[in-house]
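Examination of the molecular architecture
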Amino acid sequence: MKSFAVIRAEDPNKIKIALHDLEHYGSMKFGSNPKRIEPAYADQLLVSVSGVPLKAKCNSAALVELDTNAGAAISKLRKIHPPAHVVIVSPRHDAFEELADNSELYPEFDRAFEV
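Here's a quick rundown of the structure. (Residues numbered from 1 in each chain as written. Predicted model: local features only at pLDDT ≥ 70, side-chain atom pairs only at ≥ 80, totals over all residues. Heavy atoms only, no water.)

Quick look at the overall build of the chain now. A tally of regular secondary structure across the chain gives four helices and four strands. Against the 2.2 N^0.38 benchmark of 13 Å for 115 residues, the chain shows a C-alpha radius of gyration of 13 Å, consistent with a compact globule. Dimensions along the principal axes, computed over C-alpha positions, put the chain at roughly 40 × 30 × 25 Å. Each of the 115 residues in the chain was classed as buried or not, and the buried ones make up 46%. For the chain, contacts bridging at least 24 residues in sequence account for 80% of all contacts bridging at least 6. Here the chain has roughly 6600 Å² of accessible surface; of this, 50% comes from carbon and sulfur atoms. Averaging the coordinates of the 14 positive side-chain charges in the chain and doing the same for the 16 negative ones gives two points 7 Å apart. (Helix = DSSP H or I, 4+ residues; strand = E, 2+ residues; numbered from the N terminus. Rg over C-alpha atoms; globule rule 2.2 N^0.38 Å. Buried < 20%, exposed > 50% of the residue type's maximum accessible area, 1.4 Å probe, protein only. Contact = heavy atoms within 4.5 Å. Areas by Shrake-Rupley, 256 points an atom, 1.4 Å probe, with all protein chains shown as cover. Lys, Arg positive; Asp, Glu negative; His and termini not counted. Charge placed at Lys NZ, Arg CZ, Asp CG, Glu CD.)

Here we take up the packing of aromatic side chains. Scanning the model with the defined rule gives two aromatic pairs in all. The interplanar angle of 55° and the centroid separation of 5.4 Å between the aromatic rings of F4 and F96 together place this pair among those described as tilted. Of this pair, F4 sits in strand β1 (residues 3-9) while F96 sits in helix α4 (residues 95-102); the two residues are 92 residues apart in sequence, bridging distant segments of the chain. One exposure class covers both F4 and F96, and it is buried. Relative to Y106, the ring of Y41 lies with its centre 6.3 Å away and its plane at 40°, an arrangement referred to as tilted. Taken as a pair, Y41 in helix α2 (residues 39-50) and Y106 in the segment after α4 lie far apart in primary sequence, 65 residues in all. (Phe/Tyr/Trp six-rings, centres within 6.5 Å; stacked < 30°, edge-to-face > 60°.)

Let us now look at the packing of α2 against α4. Close contact between α2 and α4 brings their axes to 11 Å; oriented N to C, the two are set at 145°. Side by side, α2 and α4 meet where Y41, L45 and S48 of the first sit next to A95, E98 and L99 of the second. (Axes fitted to C-alpha atoms, helices over the stretch in contact; angles between N-to-C directions.)

Moving on, we come to the sheet that holds strand β3 (residues 60-66). The strand order across the open sheet formed by four strands is β2-β3-β1-β4, and the pairing between neighbours is antiparallel. In this open sheet, the two strands that pair with only one neighbour each are β2 (35-36) and β4 (85-89). Here β1 pairs with β4 via five bridges, running antiparallel. Bridged to F4 within β4 is V89. Relative to the sheet, α4 contacts β1, β3 and β4, its axis offset from that of β1 by approximately 90°. (Pairing = 2+ DSSP bridges.)

Along the chain, S60 turns up in strand β3. Taking relative accessible area as the criterion, S60 reaches 8% and is therefore assigned buried. Sequence-distant contacts of S60, defined by excluding residues within four places in its chain, comprise I7, R8, A9, D11, P12, I15, P39 and F109.

The next thing to look at is the environment of P91. Its location among the elements puts P91 in the loop between β4 and α4. For the pair P91 and A70, spaced 21 residues apart in sequence, the C-alpha separation works out to 8.4 Å.

Interpretation in functional terms is not warranted from these geometric data alone.
Given below as structure tokens:
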């Protein structure tokens, strides 16, 4: 069953590196192109999924649908240590249905690095 990864970071470049790390080092398959989401919404999702208060707000955030189940994604994530905070949202989380219903509405996240 699919899951979602919410990626939070200080800047968009860290999000881009984290997306690359998920695919290449974590061997995770994306079910769709990464989407840009509002940082405040990503912060809210973190609190909702983890159940702990927010320690620091992010400045950039992305959402990507994973064709990897949540348990496998979490296990792989622990091994790669991307440079951004990645939260896996599984069907057991309240936020999952909202993400599944709205994920196609968000704009695509630009993965190109600025030179």
